[in-house]
Amino acid sequence: DSGVTQTPKHLITATGQRVTLRCSPRSGDLSVYWYQQSLDQGLQFLIQYYNGEERAKGNILERFSAQQFPDLHSELNLSSLELGDSALYFCASSVSAGTGGYEQFFGPGTRLTVL
Amino acid sequence: AQSVAQPEDQVNVAEGNPLTVKCTYSVSGNPYLFWYVQYPNRGLQFLLKYITGDNLVKGSYGFEAEFNKSQTSFHLKKPSALVSDSALYFCAVRDSAGRRALTFGSGTRLQVQP
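Note that the coordinates shown come from a computational prediction; the quantities given were computed from them, not determined experimentally.

## Some points on the interface of chain B and chain A
- Contacts between chain B and chain A engage 20 residues on the former and 18 residues on the latter.
- Note on chain B versus chain A: buried area summed over both sides is about 1,500 Å², and carbon and sulfur give 56% of it.
- Scanning the region where chain B abuts chain A turns up one salt bridge.
- Between Glu-103 of chain A and Lys-49 of chain B there is a salt bridge, with its nearest N and O atoms 2.7 Å apart.
- Counting the contacts that link chain B with chain A gives three residue pairs in polar contact (both at pLDDT 80 or more).
- Listing elements by their share of the side of chain B that touches chain A, those giving two or more residues are strand S5 (31-38), strand S6 (44-50) and strand S10 (87-95) of chain B.
- Of all the elements, S5 of chain B adds the most residues to the side of chain B that touches chain A, at four residues.

Okay, structure coming up:
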């Protein structure tokens, strides 16, 4: 158990809908990272927050947004969902803002299915 | 830009035999290198990392990795494979000079046959 929690485990929804994925980092970690894992794209970095502020952006679509709250939990919002958004979404946390050789600890993921 | 290549989609090895999962990387500065393992329906678990120092890094579950700067490689190894090692393995890199997220390779599926 990495100490990173994600809810829900599974999410099934329809095209055009909006969903929210939630992540709680390990105790003491200030950074939260969001990744998308799909068969065709592999593991892709979406976005990073550090202590409430956006720190780095990867291949995140404009339909997707995220935020990190004062209690350090984070939410990833996916809107106007398309079939191609079906994937496993991981949250990871780290003590570092992004510098240094600190590893990231991954949550169990949320499997999103868009029908 | 930083990138990682895992040239083998799948590696098959018999239980008890040594295993190697290959990884090569590209960064503009000095690399921070990581190996993660993913079991079915689970998140990624951290195995080991290279930051600086000794080129041979030891990690969890008997795994080790060798950093080779001239060949820009960071191959994962284990002297004696177990059936329970069967999983998906990811190599990741970050340039130590900048504030960047990890870049992951495409993953290598390790199949250990009894």
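The structure having been displayed, the exposition proceeds.
## Topic: the sheet that holds strand S3 (residues 19-24) of chain A
Residues and elements named next belong to chain A.
- Strand order in this open sheet of four strands is S1-S3-S8-S7, and the pairing throughout is antiparallel. Here the strands that pair on one side only, and so sit at the sheet edges, are strand S1 (5-7) and strand S7 (64-68). With strand direction ignored, the average angle separating the axes of adjacent strands in the sheet is 15°.
- Sheet topology note: the S1/S3 ladder contains three bridges and is antiparallel. Within the sheet, the bridge partner assigned to Thr-5 lies in S3 and is Ser-24.

Conventions and cut-offs
- Residues numbered from 1 in each chain as written.
- Chains lettered and ligands numbered in written order.
- Predicted model: local features only at pLDDT ≥ 70, side-chain atom pairs only at ≥ 80, totals over all residues.
- Heavy atoms only, no water.
- Contact = heavy atoms within 4.5 Å.
- Buried area = accessible area lost by both parts, 1.4 Å probe.
- Salt bridge = Lys/Arg side-chain N within 4 Å of Asp/Glu carboxyl O.
- Polar contact = N/O pair within 3.5 Å; in protein donor to acceptor, adjacent residues only side chain to side chain.
- Helix = DSSP H or I, 4+ residues; strand = E, 2+ residues; numbered from the N terminus.
- Pairing = 2+ DSSP bridges.
- Axes fitted to C-alpha atoms, helices over the stretch in contact; angles between N-to-C directions.

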